[in-house]
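Okay, here's what each chain looks like letter by letter:
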Amino acid sequence: MTKNIRVRFAPSPTGPLHIGGVRTALYNYLFAKKNNGDFILRIEDTDQTRFVTGAEEYIIESLEWCGLKFDEGVHISGPHAPYRQSERKELYKEYADLLLAKGFAYYAFDSSEELETLRKEYESKKETFFYSSKTRLNLNNSLTISESEVKQKLLSGEKYVIRIKIPENEQIVVNDQIRGVVTFDSSLLDDKVLYKSDGMPTYHLANVVDDHLMEITHVIRGEEWLPSAPLHVLLYRYLGWEKEMPQFAHLPLLLKPDGNGKLSKRDGDRLGFPVFPLQWIDPKTKEIYSGYKESGYFPEAFINMLALLGWNPGTEQEIFNLQQLIEAFTIDRVGKSGSKFDPEKAKWFNHQYIQKKDNKTLAYLFAPVLIEKNISADIKYVEEVCGLMKERINFMSEMWDKSAFFFTAPSVYDPKLIKDKWKENSAQILTLFSENIVNLQNHNIDSIDAFINEFLTTNQLGKGQLMPLLRLCLVGNSTGPDITQIISFIGKTESINRINNCIQKVK
Ligand code: GLU
C-alpha cells in the first residue's frame, strides 16, 4: 500500500511571512491536494530569542486570505497535536538521549566566550573555526573528558549543549526532487548543536523528529535549507528512520526584479511593491510594511502570480484558479534557478482577475467608495459603469479616479486642454450643440453617433472642433471612454447641464 501523502509548512514565527514563504506554502498545498494528501501547519518556535509577537497569527491569517486550507495544524489541531514545537519540548530529549547512547552525539561544555575566542584566533590566521572531527578532540566535551567528570558537570547544573558527531570523510547523498542527487562532503559540515541545557532542541533535531512523528512524506522548502539537508539525512539514519525518510524538494529563491540577489523584506517598499501578503506593522519599531491585500490585490490573482514564479505548466496558459493549479501542479515542473519577481506582471494578473469578475461583484466592491463620496446611484447604473471601465484599471481603487464623471459633473477643467482646444467660436459651437441635443430621442450609442455626425455635417464642422470640447465639458479633462458612450450613460439633460456649466466657467 502506498503511503498517504503528508506535507507540512513549518514557519518560524520570527516576523511576517514573506511572499517567498507564501509560495512555499502554496507549492506544499498544491502538491498535497493534487495527491489527495494532507497539508499541515507546524510552528517551529524553538528559538525563543527570535520570537516575534503576532507573527504566528499573521501567518495563519495570510494563508487564510490566500485560500490555502490546512488539514491539521496549530490553529485547528489534529491527530499529531500539539503542532507548536515549544509545546512539544519534552518530547525531543528522548531522541537527543538516544543519539548520545548510540554514540552519534556528545555533550559539549565550551562556553560561548571560549568559542568566540577560538573563532577570532582562526580568523586572524585567515581560517574558519568550526566544531568538527578536526577540532572536537581539543575541546571541552564528553569525548575529551572522563565519564565521571561529565556526570559531575551535568549534576552540578553546568550549561551544556548536545552536538551531532558528524563523520569524517563521508559522502552524504541528498536525493532532491528538483535538483536530483546532491552530494555533500561530511568534512565540510560542522557538529551542529541539537539540544541545549535549557531543555530546548534546535531547529535541526526538532524538525527531523517532528517530520518523522507527524509522518511527513515530502519536505518541500526553500533552497536556503539545502545545506542543512545532509545533516537531516544523518539524523534520520542515526535515529533509525532512514527507510521512512521523507523525500526532499528544495525550491529556488525568489529574486529581486533585476535578478540581483534574493528578494528581501526591505525591497518591496523601496521599489514600490509589497513583499508581504498582508500589511505588517512591526510591533517594536511600528514600521509599516505594505501588503498585497491592502494594496488591492485579489487573493486569486496573488496566488496565480506566485504559482507561476518558479513553476510552469508546460503550456502557454497563465490564468489558473486554485483548483486548476492543483490539477496542473507537479514538482518536476518547478525550475532549478531563481525566479525574478516582476511587479508589473503582478499588476497584470490583478487586471486579468478584474476582467473575470462579473459587473455585480465589481459594483459591490465599488459601492463603499460611492457612499464615501456621498454619491447615490442606481445599482444597475453602477454595474454598467464598472463593466465599461474595468478594462482600464488594475485595481478597484483606481475605479473612482477613472469613472468619477459618470457620477458627478466636473468641478475643474484641465487648463492645458482649454489652452489647446478652446477657440473663439467654441462657446458658440457648444451652445448650438446643447440646443440641438435636446431633440435626441434615444440614448443608445448608435443614435448618439448618428446625431453627432449629422450635427457636424449640417454645421460644416470637423470632429476636432467638437469632440475635445465635449470631453472638456463632460469629463473636465482628456481622459475617459468614447464621448458617445459618456453621453449615453449620463443622458442628454445632464450633458446639457455640463456643457452650459463649462461655457460659464471657461468664459
Ligand atoms: N522553520 C523553518 C523555516 O522557518 C522551516 C524549514 C523547513 O521547512 O524545514 O523556514
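Criteria and cut-off values
- Residues numbered from 1 in each chain as written.
- Predicted model: local features only at pLDDT ≥ 70, side-chain atom pairs only at ≥ 80, totals over all residues.
- Heavy atoms only, no water.
- Core = buried A, V, L, I, M, F, W, Y, C linked by side-chain atoms within 4.5 Å.
- Buried < 20%, exposed > 50% of the residue type's maximum accessible area, 1.4 Å probe, protein only.
- Contact = heavy atoms within 4.5 Å.
- Near = heavy atom within 4 Å.
- Polar contact = N/O pair within 3.5 Å; in protein donor to acceptor, adjacent residues only side chain to side chain.
- Areas by Shrake-Rupley, 256 points an atom, 1.4 Å probe, with all protein chains shown as cover.
- Nonpolar A, V, L, I, M, F, W, Y, C, P; charged D, E, K, R; others polar.
- 1 Å grid on protein atoms, 1.4 Å probe; cavity = no way out; pocket = protein on both sides within 12 Å on 5 of 7 lines; lining within 4 Å.
- Points joined across faces, edges and corners; volume = space filled by probe spheres on them.
- Helix = DSSP H or I, 4+ residues; strand = E, 2+ residues; numbered from the N terminus.
- Salt bridge = Lys/Arg side-chain N within 4 Å of Asp/Glu carboxyl O.

Chemist: Sorry, what's going on with the nonpolar core here?
Modeler: Note that soluble globular proteins tend to have their nonpolar side chains buried in a common cluster. Formed by 154 residues in total, the largest nonpolar core has its most connected members in Phe 406, Phe 407 and Phe 433. Excluding anything up to four places from it in sequence, Phe 433 contacts Phe 451, Ile 452, Phe 455, Leu 466, Leu 470, Ile 487 and Ile 499. In this structure, Tyr 131, Leu 139, Val 161 and Val 193 belong to the second largest nonpolar core, which totals nine residues.

Chemist: So what exactly am I meant to see when it comes to the site of the ligand here?
Modeler: What surrounds the ligand is the set Arg 8, Ala 10, Pro 11, Ser 12, Glu 44, Tyr 203, Asn 207, Arg 221 and Trp 225. Ala 10 has a polar backbone atom sitting 2.8 Å from a nitrogen atom of the ligand. In this structure, Glu 44 approaches the ligand through a side-chain N or O atom, which is 2.7 Å from a nitrogen atom. For the ligand, whose unbound accessible area comes to 290 Å², protein coverage reaches 84%. Tallied by class, residues from the shell around the ligand come to four nonpolar, two polar and three charged.

Chemist: In this structure, what is going on with the layout of surface pockets? I would like to understand it.
Modeler: Left-over empty space is what a probe sized like a water molecule reveals as it rolls over the atoms. When its volume is computed, the second largest pocket comes out at roughly 210 Å³. Around the second largest pocket sit 13 residues that line it, and Ala 404, Phe 405, Pro 410, Val 475 and Asn 477 are the ones nearest its centre.

Chemist: What is the right way to read the environment of Gly 199 from this model?
Modeler: Looking at the element boundaries, Gly 199 is found in the loop between strand S8 (193-196) and helix H6 (203-213). Separated by 110 residues in the primary sequence, Gly 199 and Lys 89 place their C-alpha atoms 7.1 Å from one another.

Chemist: For this particular structure, what's the right way to read the pattern of salt bridges?
Modeler: Between side chains of opposite charge, a pair can form as their charged atoms come close. Under the criterion given, the structure shown has 28 salt bridges. With a closest N to O distance of 3.2 Å, Asp 38 and Arg 6 form a salt bridge. In this pair, Asp 38 sits in strand S2 (residues 38-41) while Arg 6 sits in strand S1 (residues 6-9), placing the two residues 32 residues apart along the sequence. Just as Asp 38 is buried, Arg 6 falls in that class too. The partner of Lys 153 in a salt bridge is Glu 158, with the nearest N and O atoms 3.2 Å apart. Since its relative accessible area comes to 30%, Glu 158 is described here as partly exposed. Several salt bridges converge on common partners, so that one network encompasses Arg 8, Arg 42, Glu 44, Arg 88, Asp 210 and Asp 211.

That's the geometry; what it means functionally is another story.
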